[in-house]
Amino acid sequence: MKFIKCKDINELSLLAANNFKEVLTQKANPVLGMATGSSPIQTYQNLIKMHNNKEISFKNTKTFNLDEYVGLQPKYVFNSYKDFMDKNLFDFVDINKNNIHFPISWNQEVDINKTDYSLYDEQINKESGLDLLILGLGNNGHIGFNEPGSLLNSKTRLVPLTKNTITANSRFFDSIDDVPRYAVSMGIDTILKAKKIILIVVGDSKKEALNVLKQATAFDINWPCTALVNHKDVTVYFIDDNK
Ligand code: F6R
């Protein structure tokens, strides 16, 4: 795992976007894994700029998002990860909307007893896997919505969100009671099958998880991000706060 110290969010977001540029310009049919949340917003803004400057095109690109909420009230459609992706990237680039994938639709009726969504993994495999996957980091070390306790061999599945994640995400809702309790997320195994992974670490609340990751030599089930030590092409971008 490579750790790259960045001086600020601008540098981090440019370096992250350059990873996309490399794949988008070198591969004929790129397959990308996408994250939502606060961390990648500027990275996606850079991609829009690169697209406007004709440096990159998404014409032949397929995307698979990491996760989507389950049980989101319709009034919060703007908090769905589909909406986030449209507003922060897809509406501004030349991607074919049929090539955009989510593990479920944000407004899909879901039986919470059915947890297996590994058809999504099969769909990704059919496309020969993810060429590049961008991840953010949860305060509790989650990647995607693989919360502490997630298994290394986990596939795409319905997951209950932890109290920590519900609290962290309540900033986008009128009340914490409105935050969905479940999501469907790529599993750790799904994530580790990506050919190249970039993890962007943004925010002071990630310090503990980042330190655990820096010191990790093996997978620790209490810190899902440590699964990344088992992958051969991971770059972690973080912001140096000792400036
Ligand atoms: C989002 C996702 C999450 C976030 C993480 C960090 O698709 O899978 O793992 O990346 O919760 O969120 P932010 O970037 O909002 O701090």
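Refer to the structure presented above.
Caption draft 1: Geometry of the site of the ligand. Residues in close proximity to the ligand total 13 residues, the closest being Ser 39, Asp 67, His 142, Gly 144 and Lys 206. A distance of 2.7 Å is found between an oxygen atom of the ligand and a side-chain nitrogen or oxygen belonging to His 142. Interatomic distance of 2.8 Å between a backbone N/O atom of Gly 144 and an oxygen atom of the ligand. In isolation the ligand offers 410 Å² of accessible surface; the protein chains occlude 91% of this area. Taken together, the residues that form the shell around the ligand break down as three nonpolar, seven polar and three charged.

Caption draft 2: Quick look at the sheet that holds strand E1 (residues 2–6). Pairing in this open sheet of seven strands is parallel, and the strands run E1-E10-E9-E6-E2-E3-E5 from one edge to the other. The sheet terminates laterally at E1 and strand E5 (100–101), the two strands that pair on one side only. Sheet topology places strand E3 (residues 62–65) next to E5; two bridges connect them, and they run parallel. For Phe 64, the partnering residue across the bridge sits in E5 and is His 101. The strands touched by helix H7 (residues 207–215) within the sheet are E1, strand E9 (197–201) and strand E10 (234–239), with E10 carrying the most contacts at an inclination of about 140°.

Caption draft 3: Geometry of the packing of helix H2 (residues 41–52) against helix H3 (residues 81–88). Where H2 contacts H3, the axes come no closer than 10 Å and their chain directions differ by 45°. As far as their axial angle goes, H3 and H2 are oblique. Contact residues: H2 offers Ile 41, Tyr 44 and Ile 48, while H3 offers Phe 84, Met 85 and Asn 88. Across the contact of H2 with H3, the residue classes break down as five nonpolar, one polar and no charged.

Caption draft 4: Highlighting the state of the cysteines. For the coordinates displayed, the defined rule picks out zero disulfides. No disulfide involves Cys 6; its sulfur sits 17 Å from that of Cys 225, the nearest cysteine. We classify Cys 6 as buried; its relative accessible area is 1%. By relative accessible area, which is 0% here, Cys 225 ends up buried.

Caption draft 5: How the structure looks around the pairing of E9. Most of E9 is tucked away: five of the five residues are buried. Residue alternation in E9 divides its side chains into two sets, Ile 197, Leu 199 and Val 201 and Ile 198 and Ile 200, and both sets are buried. Where E9 and E10 come together, five bridges link them in parallel fashion. Each residue of the ladder has a partner; that of Ile 198, found in E10, is Thr 235. Following the backbone out of E9, through H7 and into the adjacent parallel E10, one traces a crossover that is right-handed.

Caption draft 6: Examining the sheet that holds strand E4 (residues 67–70) more closely. Overall, antiparallel pairing links the three strands, which are arranged E4-E8-E7 in an open sheet. Single-partner strands in this sheet number two, and they are E4 and strand E7 (157–160). Neighbour-to-neighbour, the strand axes of the sheet open up by a mean angle of 30°, direction not taken into account. Where E4 and strand E8 (residues 182–185) come together, four bridges link them in antiparallel fashion. Within the sheet, the bridge partner assigned to Val 70 lies in E8 and is Tyr 182.

The rules we used
Residues numbered from 1 in each chain as written. Predicted model: local features only at pLDDT ≥ 70, side-chain atom pairs only at ≥ 80, totals over all residues. Heavy atoms only, no water. Near = heavy atom within 4 Å. Polar contact = N/O pair within 3.5 Å; in protein donor to acceptor, adjacent residues only side chain to side chain. Areas by Shrake-Rupley, 256 points an atom, 1.4 Å probe, with all protein chains shown as cover. Nonpolar A, V, L, I, M, F, W, Y, C, P; charged D, E, K, R; others polar. Pairing = 2+ DSSP bridges. Helix = DSSP H or I, 4+ residues; strand = E, 2+ residues; numbered from the N terminus. Contact = heavy atoms within 4.5 Å. Axes fitted to C-alpha atoms, helices over the stretch in contact; angles between N-to-C directions. Parallel < 35°, antiparallel > 145°, perpendicular 65-115°, else oblique. Disulfide = S-S within 2.5 Å. Buried < 20%, exposed > 50% of the residue type's maximum accessible area, 1.4 Å probe, protein only. Right-handed = clockwise from strand over helix to strand, strands pointing away.

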